[in-house]
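# Inside the fold
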Amino acid sequence: MPDQPPADDPRINDAVVADHTYSRPFVALTSRFSPERREQLARGWHYARWPVAAGAAGFVLLILISIWIWTTTDLPTDLAATDSAVLLDRNGDELALLAQDGLRLEVPLDEMAPTVVPALLAAEDRRFYEHTGVDALGIGRAVLNNLTSGDTQGGSTITQQLVKNVYLNSDRTISRKVREAVLAVKLERNLGKDEILERYLNTVYFGRGSYGIEAAARTYFDRSAAELTADQAAFLVGILKSPESLDPVEEPEAATARRDVVLDGMFEMGELDETELDAAKDAPLEVLDEVSPTTLTAGVAPHFVEQVRKELIAEFGERALYDRGLIVHTTLDIADQKAAEASVAAHLDDPEDPQVAVVGIDRSGAVRAWVGGKDFDELQVDLVTAAGGSGRQPGSTFKPLVLAANFEAGNGAGQVFPAPGEITLDIPPEPWTVSNAGGKDYGALTLFEGTVNSVNTVYAQALAQVGPKAVVDIAGRMGVDRELAANPSIALGTEEVSPLELATVFSTFSRSGSRIDPYRYTEVEDRDGDVLWEIDDPEEIEAVAANVADTVSHVLQEVPERGTARRAKLDRPMAAKTGTTQDNADAWLAGYTPEYTAIVWMGYADGNRPMEAVDGVSVQGGSVPAEIWHDFMEVALEDVEPTPFPDPDPELLGDTSPEATIEVSPGDVDPGASFTVSGSGYDRCLNGWQVVVEGPEGGIPTPDPGAKDDDVPGIGSDAPIYEPVRIESSPETGSDESDRSTQLTMPVSAAPGSYSATATCDFGAGAQPRAQTSFTVGGGAPVTTTSTTTSSTTTTQPDGNGKPDKTTTTTTTSTTTSTTTTTAPQSEESGAPASSTTTRPSSGA
């Protein structure tokens, strides 16, 4: 037959002949097709011949590469090493080894439960006894499943998985897959099927740090591999697909569903009958709580190591953590950690004592010490992070946030507040009653002194003038990650937080308002020293302005000097705040220097139980927690040079209360006439604003004993009868307006002379004098004016010994009396004299 058909062949038209040259094989293969079909095939071949040629060449190349890999790849004689992660402290000293003795156990295949191998084959490789290491049918089935169902299914055999786990890595490259297939075939030629199963089941990773079926059986079920039931074996081989995401404690539904899939496979293979299948599926999936696979090389910081372990698993995965020999450089200082643990042990040596949490953070945000509880074996819940719980009430350690919110609003620490033993404030949604510890009445205090002495009634009023939302906002900016309710009681620390969150808040104060979230490790290397991850420069966020944070620190420096934290006092610049919740259920000491922040919490982990008698005392923040904090910080700062805090903002230390004014119009009132008393600066008088008019000053005019009756006003049958005057306006309540006024009427019987008008303010602590002025009645009578001024001055003085500056608040009262003849200015509206006076509040409200 010729190489191409003649041009007049009726089976091929002219166009095809013109465009294509046909080989003899093509003509032979297509001779039975119609001319139209042959034309279609010819045109298709015209476009497909090069891809087909390229594919054929690629296939040949793949065969050649496989032959080359086959001839150059030798099966290793030993298993690849699996190295656990090593944790180092900040100085490079070994802190912990993330492994646990007993989790790499090997047992012979015949000592495993008879349900183990069938479960494994049903889950991973049903044709295991039929293929030679690589299963072409399995690969095809997996590809088809992935294309049709969208569910990712692997086609690797058990032998291939053993090769990958033992001899290779998990890289997703073609060369690695080819090497895997070659080694799998070679391994099958060198080992029997049962020996491959035995090696696989003794080396594969089952999660929770356990390698091999024996370790997994003990870790999850506290029994040997020989005692595994069908449902337990199905669960264990089922989670091989993804141990991290199928842990039944975290994902019970997913773990149970995966177990049941394996059981169905065993039923399809004839390994279980219907009754056994139903019984296995009905069996509850009950496993042990997870045990940390950790060896504490340094013998300290179990909660910290466990926290880092969990973070590393989240970042790198469990298999990498336990296989790749990671070297993790943590921030912990073993010396600081030992000091913290020793301080706790010295003060809480009775097993019945409350629990404790301690966390120390340096100026860079690095965690240096971390005590999550007294005994890790007894309580594996980490109290530093409040893991497994919602946190604890911080009590008065939240007051500095209220102070900072007031500073942001422009309110100064010199503001004077009434400080009764109990106060009721009309704050939505309902009146709020607050009491001081022991019901103590402090009279009147500045916000500065209310902080030093932790006076609840002062802080209730400080909260009222900024609102709870402002405190919630500043808490979030400074390090409280959780959502807080904007209730008035947040001023007294009723919203729960963790010690770690509180440490972030106070360390932000120490850095002049710059927030750095605490971090626990800085670098991770593999066994070859290659850096896998390292921290960037810690992100700094300006949470509050520097002048606000530094002024808060200035105020808090007085708390250990002469306030509630005296037992925590160090011989260096420091600031602190105590906190004690209702019934002494929680006790805190939150303190810091410019270089280091530490938080100590005490309480019972199982609930809000009162700490009534610990070493013979009822625990408060200023007692045992302050002592633990002091002893720990003395050691932690032993080699740290003291530095001073930045200077505070003088304006924020002053009295920023608005000036209160009062004015009487007209300034000279006729008996029986109406007059108006008005003023400004009364926006805080929510519970009542009232005016009291009294007079005449100096009493009722009396005649000269030697004068005749006709010469003396008020003597004789027609003389008017004068009476002392006291007029009170109706209290104006529920208003936050600064400008107020009221209209009063002078009695007809009012004697000529000088009178006083006093504006009083009540915002929950009872009416307090706010401003006062004098005016005249009857005109021209002598006016006696008495003004009493009470002021609070905050001064800062160095003590001369290198210690922090001492801050004192001095209250002075001065009284001035003068007698004048009234010559009042004319009011613009009436033309009558007007009398006005501007004063600072004498007792604050």
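See the structure above.
Report follows, based on the coordinates.

Thresholds, definitions, all that
Within any chain, residue numbers begin from 1 and follow the written order of that chain's sequence. Where local features are concerned, this predicted model is filtered to residues with pLDDT of at least 70; where side-chain atom pairs are given and counted, the filter is 80 or more; whole-chain, interface and lining totals use all residues. Computation of side-chain values: all heavy atoms of the structure, hydrogens and water removed. Elements are defined by DSSP. Helices are runs of H or I of four residues or more, strands are runs of E of two residues or more, and each kind is numbered from the N terminus. Any pair of residues with heavy atoms lying within 4.5 Å of one another is described as a contacting pair. Surface accessibility in these figures is a Shrake-Rupley result with a 1.4 Å probe; residues are shielded only by whichever protein chains are displayed. Cavity: a set of points on a 1 Å grid over the protein atoms alone where a 1.4 Å probe fits but cannot get out. Pocket: an open set with protein on both sides within 12 Å along at least five of seven lines, its lining residues, like those of a cavity, having an atom within 4 Å of a point. Grid points are joined across faces, edges and corners, and a volume is the space filled by probe spheres set on the points. Residues are grouped as follows: Ala, Val, Leu, Ile, Met, Phe, Trp, Tyr, Cys and Pro are nonpolar; Asp, Glu, Lys and Arg are charged; all remaining types, including Gly, are polar. Here the term buried applies to any residue with accessible area under 20% of the maximum for its type, exposed to any over 50%, and partly exposed to those in between, with areas from a 1.4 Å probe on protein chains only. A pair of strands counts as paired when DSSP detects no fewer than two bridges linking them. Nonpolar side chains (Val, Leu, Ile, Met, Phe, Trp, Tyr) are joined into patches within 5 Å and like charges within 9 Å, using only residues with over 30% relative accessible area and no salt bridge. What makes a salt bridge here is a side-chain nitrogen of Lys or Arg within 4 Å of a carboxyl oxygen of Asp or Glu, nothing more. Counted as positive: Lys and Arg. Counted as negative: Asp and Glu, with His and the chain ends omitted from the count. Taken as the charge location is NZ of Lys, CZ of Arg, CG of Asp or CD of Glu. When the sulfur atoms of two cysteines come within 2.5 Å, that pair is taken as a disulfide. All axes here are fitted lines through C-alpha atoms, helices being fitted over the stretch that makes contact, and every angle between N-to-C directions spans 0 to 180 degrees. Ring pairs shown here join Phe, Tyr and Trp side chains whose ring centres sit within 6.5 Å, with only the six-membered ring taken for Trp; geometry is labelled stacked below 30 degrees between planes, edge-to-face above 60, and tilted in between. Comment: the charge-over-ring label is applied if NZ (Lys) or CZ (Arg) is within 6 Å of the ring centre and within 35 degrees of the ring normal. When describing relative orientation, an angle under 35 degrees is termed roughly parallel and one over 145 degrees roughly antiparallel, while 65 to 115 degrees is termed roughly perpendicular and anything else oblique. With the far helix as reference, a near helix turned anticlockwise by less than a right angle produces a left-handed crossing, and one turned clockwise produces a right-handed crossing. Only buried residues count toward a nonpolar core, which is a set of Ala, Val, Leu, Ile, Met, Phe, Trp, Tyr and Cys residues joined through side-chain atoms within 4.5 Å.

Further remarks concern the overall build of the chain. Of regular secondary structure, the chain possesses 24 helices and 27 strands. Taking as baseline every contact in the chain between residues at least 6 positions apart, the subset at least 24 positions apart corresponds to 70%. Approximately 39200 Å² of the chain is accessible, and the part contributed by carbon and sulfur atoms is 49%.

Looking now at the layout of surface pockets. By volume, the second largest pocket amounts to about 940 Å³. The wall of the second largest pocket is formed by 36 residues, among which S396, A437, N456, T580 and Q620 lie closest to the centre. Counting residues per element, the ones that place at least two in the lining of the second largest pocket are β8 (430–435) and β14 (575–580). Among the elements that make up the lining of the second largest pocket, the one with the highest residue count is β8 (four residues). Class assignment for the residues of the lining of the second largest pocket results in six nonpolar, 25 polar and five charged.

Here we come to the pairing of strand β20 (residues 688–695). Among the eight residues of β20, seven are classified as buried, and the element is accordingly described as predominantly covered. The sheet contact formed by β20 and strand β23 (residues 753–762) spans seven bridges and is antiparallel. In the sheet register, W689 faces β23, and the bridge partner there is C761.

The next point concerns the sheet that holds strand β24 (residues 768–777). Taken in spatial order, the five strands make up an open sheet running β18-β24-β23-β20-β21, and their pairing is mixed. Across the chains shown, the open sheet's two edge strands, defined by having one partner strand only, are β18 (668–669) and β21 (725–728).

Turning our attention to a negative patch on the surface. Residues D349, D350, E352, D375, D377, E378 and D615 make up a contiguous surface patch of negative charge. When you line up the elements, D350 lands in the loop between α15 (334–347) and β4 (355–362).

Such a bond, covalent and formed between the sulfur atoms of two cysteines, is termed a disulfide. Summed over the entire model, instances satisfying the criterion amount to one disulfide. Bridging C685 to C761, the disulfide has an S-S length of 2.0 Å. Where C685 bonds to C761 through sulfur, the torsion about that S-S bond is close to -115°, and the disulfide is left-handed. Highlighted residues: C685 in the loop between β19 (674–679) and β20 and C761 in strand β23, separated in sequence by 76 residues. With a relative accessible area of 0%, C761 lands in the buried category.

Moving on, we come to the sheet that holds strand β11 (residues 521–525). In any sheet, the strands associate via hydrogen bonds between backbone groups, in a parallel or an antiparallel arrangement. Pairing within the open sheet is mixed, and its five strands lie in the order β2-β1-β3-β11-β12. Looking at strand neighbours, the two that pair on one side only are β2 (94–98) and β12 (531–534), the edges of this open sheet. Averaged over all adjacent pairs, the angle separating strand axes in this sheet is 15°, with direction ignored. Pairing of strand β1 (residues 85–88) with β2, which is carried by four bridges, proceeds in the antiparallel orientation.

With that settled, consider the packing of aromatic side chains. This structure, assessed with the given rule, holds 13 aromatic pairs. For the pair F128 and Y129, a centre-to-centre distance of 5.2 Å together with 80° between the ring planes defines the contact as edge-to-face. With relative accessibility at 0%, the residue F128 sits in the buried group. Judged by centre distance (5.5 Å) and plane angle (55°), the rings of Y682 and W689 are tilted. Classification of Y682 by relative accessible area gives buried; the value is 0%. A residue is classified by how much of its surface remains accessible, and W689, at 2% relative accessible area, is buried. A network of ring pairs unites the aromatic residues F506, F509, Y592 and F645 as a single cluster. Just above the ring of F128 sits the side chain of K193; from NZ or CZ to the centre is 4.4 Å.

Glancing now at the packing of helix α10 (residues 230–238) against helix α11 (residues 252–268). At their nearest, the axes of α10 and α11 sit 8 Å apart, and the two run at 110° to each other. Here α10 lies roughly perpendicular to α11, going by the angle between them. The handedness of the crossing between α10 and α11 is right-handed. In this structure, α10 uses A230, D231, A234, F235, V237 and G238 to contact α11, whose residues at the interface are A255, R258, R259, V262, L263 and M266. Looking at the contact of α10 with α11 residue by residue, the class counts come to eight nonpolar, one polar and three charged.

Here we take up the nonpolar core. L95, F398, F509 and F632 are the most contacted members of the largest nonpolar core, which has 119 residues in total. The residues contacting F398, other than those within four sequence positions of it, are V471, A475, V480, L484, I490, G493, V497 and L502.

On to a nonpolar patch on the surface, then. Nonpolar side chains collect at one region of the surface, where F59, V60, L61, I63, L64 and I67 lie side by side and expose about 580 Å² of accessible area between them. In this structure, I63 sits in helix α3 (residues 35–72). For I63, a relative accessible area of 38% gives the class partly exposed.

Below, the discussion takes up unusual backbone geometry. Here the bond from S665 into P666 is cis, since omega is -5°, no more than 30 degrees from zero. When you line up the elements, P666 lands in the loop between β17 (660–665) and β18. A cis amide bond links G695 to the next residue, P696, at an omega of -5°. Considering the arrangement of structural elements, one finds P696 in the loop between β20 and β21. Its identity as a non-glycine residue notwithstanding, S512 has a phi of 60°, on the positive side. Here S512 shows up in the loop between α20 (499–510) and β10 (514–515). Even without a glycine there, the phi angle at N584 is positive, about 60°. Within the fold, N584 resides in the loop between β14 and β15 (586–592). Residue class for N584 comes out buried when judged on its relative accessible area of 15%.

This brings us to the environment of D762. Position of D762 relative to the elements: it lies in strand β23. Taking the C-alpha atoms as reference points, D762 and Y682, 80 residues apart in sequence, are found 9.5 Å from one another. What D762 contacts, discounting residues up to four positions off in sequence, is R684, C685, L686, N687, G688 and A767.

Time to look at the pattern of salt bridges. Under the definition given, this model contains 26 salt bridges. With its nearest N and O atoms 2.8 Å apart, the salt bridge here joins K193 to E188. Each member of the pair, K193 as well as E188, carries the same accessibility label: buried. Ionic pairing is found between D362 and R368, a salt bridge with its closest N-O pair at 2.4 Å. A single burial state applies to D362 and to R368, both of which are buried. In this structure, a network of salt bridges that share partners links the residues E408, D473 and R477.

Quick look at the environment of A462 now. Assignment of secondary structure puts A462 in helix α18 (residues 456–464). A relative accessible area of 0% means that A462 is categorised as buried. With 63 residues separating them along the chain, A462 and K399 place their C-alpha atoms 9.6 Å apart. Once residues within four sequence positions are removed from consideration, A462 is found in contact with V402, N406, F417 and L447.

Running from N to C, helix α4 (residues 116–124) and helix α8 (residues 193–203) cross one another at 85°; their axes reach a closest spacing of 12 Å. In terms of orientation, α4 and α8 fall into the roughly perpendicular class. In this structure, α4 uses V116, V117, L120, L121 and E124 to contact α8, whose residues at the interface are L197, Y200 and L201. When its residues are assigned to classes, the contact of α4 with α8 shows seven nonpolar, no polar and one charged.

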